[in-house]
Amino acid sequence: MSKKIERFEDFIAWQKARKLTSNIYQVSNIGEFARDFGLKDQIRRAGVSVMSNIAEGFERGRPTEFHQFLSVAKGSCAELRSQLYVALDVGYVIDDDFHAPMTQAIEVGQILGGLRASVERRRNMLRV
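What you see is a predicted model, and the numbers here were worked out from it, not measured in a lab. (Residues numbered from 1 in each chain as written. Predicted model: local features only at pLDDT ≥ 70, side-chain atom pairs only at ≥ 80, totals over all residues. Heavy atoms only, no water.)

Caption draft 1: Structural detail: the overall build of the protein chain. Helix and strand content of the protein chain: five helices and zero strands. Helices (α) and strands (β) of the protein chain occur, in sequence order from the N terminus, as α-α-α-α-α. Put simply, the protein chain has 128 residues, and 39% of those count as buried. Restricting to contacts in the protein chain with at least 6 residues of sequence separation, those with at least 24 account for 71%. Summing over all exposed atoms, the protein chain offers an accessible surface of approximately 7,600 Å²; the carbon and sulfur share of this is 51%. For the protein chain, the distance from the average site of its 19 positive side-chain charges to the average site of its 16 negative ones is 8 Å. (Helix = DSSP H or I, 4+ residues; strand = E, 2+ residues; numbered from the N terminus. Buried < 20%, exposed > 50% of the residue type's maximum accessible area, 1.4 Å probe, protein only. Contact = heavy atoms within 4.5 Å. Areas by Shrake-Rupley, 256 points an atom, 1.4 Å probe, with all protein chains shown as cover. Lys, Arg positive; Asp, Glu negative; His and termini not counted. Charge placed at Lys NZ, Arg CZ, Asp CG, Glu CD.)

Caption draft 2: Summary view of the nonpolar core. Residues Val50, Ile54, Leu80 and Leu112 are the most contacted members of the largest nonpolar core, which totals 32 residues. The set of elements that each furnish at least two residues to this core consists of α1 (12-27), α3 (37-59), α4 (63-89) and α5 (95-127). Excluding anything up to four places from it in sequence, valine 50 contacts Ala17, Ala73, Ser76, Cys77, Val108 and Leu112. (Core = buried A, V, L, I, M, F, W, Y, C linked by side-chain atoms within 4.5 Å.)

Caption draft 3: Layout of the environment of threonine 103. Tracing the chain through its elements places threonine 103 in helix α5. Its relative accessible area of 52% is what places threonine 103 among the exposed residues. With 73 residues separating them in the primary sequence, threonine 103 and isoleucine 30 have C-alpha atoms 20 Å apart.

Any link to function would need more than the numbers given here.
What follows is the structure in structure tokens.
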């Protein structure tokens, strides 16, 4: 039997989103990226949004709302990936600085997809 999660900080998805957000803050604080306030702020907000939506959705205590917030978090994760491509294409990051956060973002998105499917199964069981 799996252990019941009682705090949003216990979710692997949230823990990995936290690390991703920290990495995004570091990468976006270097060189020209740091001076592009629009892109820098937007990619940082997307990272914060991923972890914040996991937390807020869980704390609402209802599977339907949690599922919706996980969907928003997954969308924010895709937004972050798209913005990473912009940063790469305009030369703000080099391949080494691009691949680590991109790999993290892909992993977080996959975990969120699995978590969302699990919450949906649970939600459907509660309806029966």
